[in-house]
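Descriptive analysis of the structure
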Amino acid sequence: MAGQRVEKLITAIDVGSWKVSALIAGRQEDGSLIILGTGQRESKGVRRGFIADMERTEQAIRETVEQAEKVAGTNIETVHVSFSGGSLASDVMCVDIDIGTRRIQQADVDELLTRAREGIDPDGRLVLHAQPTLYTIDTTDGVRNPVGLHAERLSVDIHVMQADGAPLANLETCVRSAYLNVEGIIAAPVATGLACLSEEERDLGVALVELGAGVTNVSLFSGGMLVDLRSIPIGAADITDDIASAFGIRRSQAERMKCFYGSAMQSRRDFREMIEIAAATGGAESTDGRKVTRAELVGVICDRLGRLMKDVSAALDEMGFHGPVARQVVLTGGGAELKGIADYAQTALGRAVRVGRPKGLSALPEAHSGPAFSTLAGIALHVASNPVDLRAIVPATQTVHRAGGWSWLQRLKTAFAANY
C-alpha cells in the first residue's frame, strides 16, 4: 500500500529549562500525523521557564531546528512554540444568550461566540488561548453542536489562558533571531494535556502534573477542558542540584547519577550497592576513589521530592481536586522518567497516579516517545486539530488587513488593543 501524501508540514519547538527540542510532522490526507524529523540540544539560556540568556537560547533553537531539518530532508520557515513559564494563568468564563424556544441557528452560535470574545478582559496581559468548549442548552450540558436543537437559552464555557507579555516577547525574539517565523505560541499545559490525556480523562476529571526541569505545572481538567492551573518554581533540575551539592560533584555527573542509579523508592539492597563518584575539580571528571551507597543517593532525591509533592498536594487542594472528581493524577515531563516516581507520588498524594507519554503520532522515534517530550508532541497535535479560537473571530465592523511581516506577538497585541 502506497504511503499517503503529506498535505501540510507542522513544526513544533519546545523551549525548556533543560533542553530545546524540535519536531517536524506531516499531516496526511486522512488527518493523521507522521513524524518526519526531530532534534534536541541542551538549553543553557532558560531559567524557570523564562528566557535568561537570549544569545544562548537562540543558538540552541537554531541548532535544534537544523538537526530536525536534516533528518526530515526539508527546510522550514514557520514554527509553533510552547511556553511554560510561571506567568501562565487559566480561567473559565461562561456566556449565554436568549434563544426564545426555537431552533438554534448557526447565527446564534456566532453571536454567542462574539459576545464571549467581547467579554474577555486581558487586564494588561496577553491571551494565548480563548477556546470554546462544550455548550449548554437550558439545563442540558455537554452539547458539542447545538445547531438545530430547540432551546430557550444557549450558553458556552470559554477557556482563557493568559500570560505576561514580556516573557512571550523574549521567547519570540529568540525564535525570530534563528530566522524562523512564529505562527503561534501555545501554553505547555494545553499541549501536554492533549498529548497525554484521553478524551474520557479530560471529561471525567484528572490532574496533570508536568515535572519540568525548572517549573512544575499542575493543571486540572474537567468537563473536557483545562479549568485551573498552578505553577510551582521547582523541577527535576533541583533534584540534580541537590545531588551535586550533597556529594560535591558536577551537575553533569549528578544528572548521570540520577538517571542511571536514582530512584524515588528505596529498597534494602540500596544500602549495600555502592556508586563510584567523580571529583568536581579539575578540567576533566576523574574518580578519586570515593563511593556512596545508593541509599544515600535515593535519600537526597526523596528529600526534594517530598517537598515538591507537598506543594503539588497543596495546589490540588487549592484548585478543589478532591472528592469524586479526584480520580487520577497523571505525571509527565522529564522528571516523570525517574524510576519509581509514580509509586512515590501515589503514596504522597493519596491518589491513583500514572505516567503520561505522548500518543497519537506515527513514526515517533523511541528517544522522543517518553514523558519528557509530551509537550513537543502536544504542540503538533494541537496545531493539527485546528481548534476554534475566539481571537480569530473578527467583528463585522472591523476591516481586515494583511499582517505582512508583523510578528505573531505584534499581531496579537494589535488585535486586542483594537477590541478592548
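For the structure itself, look to the data block above.
Residues numbered from 1 in each chain as written. Predicted model: local features only at pLDDT ≥ 70, side-chain atom pairs only at ≥ 80, totals over all residues. Heavy atoms only, no water.

**Re the overall build of the protein chain**
Formally: Helix numbering and strand numbering both begin at the N terminus, where a helix is a DSSP run of H or I of at least 4 residues and a strand a DSSP run of E of at least 2. Only protein chains enter the calculation, and the probe is 1.4 Å; a residue is then buried if its accessible area is under 20% of its type maximum, exposed if over 50%, and partly exposed in between. The contact criterion used throughout is that any non-hydrogen atoms of two residues lie within 4.5 Å. For every accessible area listed, the method is Shrake-Rupley and the probe measures 1.4 Å; residues are considered covered only by the protein chains on display.
Regarding its fold elements, the protein chain presents 11 helices and 18 strands. Across the 420 residues that make up the protein chain, the buried fraction comes to 51%. Considering only contacts within the protein chain whose residues lie at least 6 apart along the sequence, 67% involve residues at least 24 apart. Carbon and sulfur atoms make up 47% of the accessible area of the protein chain, which amounts to about 19500 Å² in all.

**Some remarks on the sheet that holds strand 8 (residues 126-137)**
To keep it simple, the criterion reads: Being paired, for any two strands, means DSSP has found at least two bridges between them. The axes are straight lines fitted to the C-alpha atoms, using for helices just the contacting stretch, and the angles between their N-to-C directions are given from 0 to 180°.
Strand order in the open sheet formed by four strands is 7-10-8-9, with antiparallel pairing between adjacent strands. Of all the strands in the sheet, the pair left with one neighbour each is strand 7 (89-103) and strand 9 (140-143). When strand polarity is set aside, the average angle formed by the axes of neighbouring strands in this sheet is 30°. Pairing of strand 7 with strand 10 (residues 150-163) involves 12 bridges; the strand directions are antiparallel. Pairing of S90 across the sheet is with M161, part of strand 10.

**Description of the packing of aromatic side chains**
Rule in force here: Ring pairs shown here join Phe, Tyr and Trp side chains whose ring centres sit within 6.5 Å, with only the six-membered ring taken for Trp; geometry is labelled stacked below 30 degrees between planes, edge-to-face above 60, and tilted in between. By the criterion adopted, a ring carries a charge over it if an Arg CZ or a Lys NZ lies within 6 Å of its centre and within 35 degrees of its normal.
Counted by the stated rule, this structure contains one aromatic pair. Stacked on the ring of F373, the Lys or Arg K19 has its end atom at 4.9 Å from the ring centre.

**Concerning the side chain of H368**
The residue H368 is located in the loop between strand 18 (352-355) and helix 10 (374-385) in this model. Judged by relative accessible area, which is 10%, H368 ranks as buried. Setting aside anything within four residues of it in sequence, one finds H368 in contact with T38, G39, Q40, P358 and F373.

**Considering the pairing of strand 10**
Among the 14 residues in strand 10, 10 count as buried, and that is most of the element. The pairing of strand 8 with strand 10 spans nine bridges and is antiparallel. Across the sheet, residue H129 finds its bridge partner in strand 10, namely M161.

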